[in-house]
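Letter by letter, the chains look like this.
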Amino acid sequence: MNYILFDDSSRENLLPLTFTRPVADIRIGILTIREKWEKYLESKTSSKTQDYLSAKYPTEYTIDTDNVWVNGSVCPNANLVEEIKTLKPLQALYGANVLIAYNSGNDKVFIAEPGTHNEKFESHAQAMKINNPWDIFSMNGKALTEDFELITKGRISHTLSKTNQVLGVENVFVEEGAKVECAILNATTGPIYIGKDAEIMEGSIVRGPFALCEHAGLKLGAKIYGPTTVGPHSKVGGEVNNSVIFGYSNKGHDGFLGNAVLGEWCNIGADSNNSNLKNNYAEVRLWNYATGRFAHTGLTFCGLIMGDHSKCGINTMFNTGTVVGVYANIFGAGFPRNFIADFSWGGAQGFTEYKLADAFEVAQKVMERRNIVFGELDKDILKHVFEITEKYRK
């Protein structure tokens, strides 16, 4: 079978994180949703996404076998994968009136509308689905535990140095090349996964569930409360609670990050903090691009959602439930408003437009430091995002 991960209507609710990637490339737990599917299916996948993203994330069809379209906002489990593999051509699998998968046979036409499929079946797999940005940190504990079991099953962890204090060592897995010295790890509250060539520096205190992905690092004396994920090539210091960092992003200094999601290529300046609880303990509302208004989260604790390539200067203070778009640059004293538009430059005293040429210059420098090319496909995507988000800057 040929598997294609499609974006459903949740994509609009997941902005700004999905301005620059298909829904399936969101990280939750240890892996991205795509990586989860590819491990379960033992097969590569492609994407059915927005037109402006499709050059970088193309759809790959086949006429030699069945094309199976899978909802990219759904996290797989073994039961769901088994249900999908039994689908015959023109059969669809649903869960609570949401399309989970559709087998179009050797036809490359994707039909997403309910009621148009020849045969429909109801899933009983109870799979997790990501609909909103806050789902990413709220569901991270469950996703991380499931990923830990998937990745480590039948494998033997590398041994931790005796300089470390470890509780629940059976729930700790260390990949090849990882370095951990003089740290306190408590895995009795959830598994701790330390990826290939990752490093936990001396004095760090970690309470699971926690994932430190490959080539990522915790700085000296970091304090981590799970469920937290630090994505590949990210550096984290200070205090972090129940947050997900996609990858290639840094929060390298003291300061607090809690109930938060950071995209890729973000940087949080020294001594910056986000509030994750309102003074009156009221429900937190979060900016929603799809409706153009603030959405009810049903949460008391909700911190910061930050799109790719956004950065803040030292001592930046974020209000409870702040959404920062793609390529924003925030600095200065005071609390900025709790929706900061994409390609904005400024702070509490006001914002101007972050010029595209200047943003590209910074992106090229930042990515070159990690030996990654800021290519024409990336530029085309960001040009499009710049254009469609102009109304928010006004």
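Whatever comes next refers back to the structure up there.
Presented here is an overview of the structure given in this document.

**Regarding the nonpolar core**
Point 1. Trp 37, Ile 84, Ile 136, Tyr 327 and Phe 343 are the most contacted members of the largest nonpolar core, which totals 65 residues.
Point 2. Counting residues per element, this core draws most heavily on helix 6 (residues 356-368), which supplies five residues.
Point 3. When neighbours within four sequence positions are excluded, Ile 136 is seen to be in contact with Leu 17, Ile 26, Arg 27, Ile 28, Ile 130, Val 244, Phe 246 and Val 261.
Point 4. Counting 35 residues, the second-largest nonpolar core is a separate cluster that includes Ala 198, Ile 224, Cys 266 and Ile 268.

**A short note on the packing of aromatic side chains**
Point 1. This structure, assessed with the given rule, holds 16 aromatic pairs.
Point 2. Seen from their ring centres, Trp 287 and Tyr 392 are 6.2 Å apart, and the 85° between their planes marks the pair as edge-to-face. Here the residue Trp 287 occupies a position in strand 26 (residues 284-288), and Tyr 392 occupies one in helix 8 (residues 390-393), the gap between them amounting to 105 residues.
Point 3. Overall, Tyr 392 belongs to the buried group, its relative accessible area being 18%.
Point 4. An aromatic cluster is present here, built from Phe 19, Trp 287, Tyr 289, Phe 294, Phe 339 and Tyr 392 joined pairwise through their rings.

**Overview of the pairing of strand 21 (residues 239-247)**
It is a general feature of regular strands that their side chains alternate between the two faces of the sheet.
Point 1. The buried fraction of strand 21 amounts to seven of the nine residues, a majority that puts the element mostly inside the structure.
Point 2. In this sheet, strand 21 lies alongside strand 18 (residues 223-225) in parallel orientation, the contact comprising three bridges. The residue of strand 21 that forms the bridge with Lys 223 is Glu 239.
Point 3. Note: strand 19 (residues 228-230) against strand 21, two bridges, orientation parallel. Across the sheet, the residue bridging to Val 230 is Ile 245, located in strand 21.
Point 4. Of the pairings in the sheet, the one linking strand 21 to strand 23 (residues 256-264) comprises seven bridges and is parallel in character. Looking across to strand 23, one finds that Val 244 is bridged to Val 261.

**Here's the deal with the packing of helix 2 (residues 33-41) against helix 5 (residues 140-152)**
Point 1. Their axes nearest at 12 Å, the elements helix 2 and helix 5 cross at an angle of 35°. Along this stretch, helix 2 crosses helix 5, giving a crossing that reads as left-handed. Contacts between helix 2 and helix 5 involve Lys 36, Lys 39 and Tyr 40 on the former and, on the latter, Ala 143, Asp 147, Leu 150 and Ile 151.
Point 2. Residue composition of the contact of helix 2 with helix 5, grouped by class: four nonpolar, no polar and three charged.

The rules behind the values
All residue numbers here refer to positions counted from 1 along the written sequence of the relevant chain. In keeping with the model being predicted, local features are shown solely for residues with a pLDDT of at least 70 and side-chain atom pairs are shown and tallied solely at 80 or more, while totals for entire chains, interfaces and linings include all residues. Water and hydrogen atoms play no part in the side-chain values, which are based on all heavy atoms of the structure. What makes a nonpolar core is a set of buried Ala, Val, Leu, Ile, Met, Phe, Trp, Tyr and Cys residues whose side-chain atoms join them at distances within 4.5 Å. Summary of the burial criterion: residues with accessible area below 20% of their type's maximum are buried, those above 50% are exposed, and those between are partly exposed, where the area comes from a 1.4 Å probe applied to protein chains only. Numbering of helices and strands runs from the N terminus; a helix is a DSSP stretch of H or I covering at least four residues, while a strand is a stretch of E covering at least two. What makes two residues a contact is simply this: any of their non-hydrogen atoms within 4.5 Å. Working definition: a ring pair exists when centres of Phe, Tyr or Trp rings (six-membered ring for Trp) sit within 6.5 Å. Plane angles under 30 degrees give stacked, over 60 give edge-to-face, the rest tilted. Strands are treated as partners if at least two bridges between them are detected by DSSP. Angles run from 0 to 180 degrees between N-to-C directions of axes, and those axes are lines fitted to C-alpha atoms, restricted for helices to the stretch in contact. For any helix crossing, the convention is left-handed if the near helix is rotated counterclockwise from the far helix by under a right angle, and right-handed if that rotation is clockwise. The classification used treats Ala, Val, Leu, Ile, Met, Phe, Trp, Tyr, Cys and Pro as nonpolar, Asp, Glu, Lys and Arg as charged, and all other residues, Gly among them, as polar.

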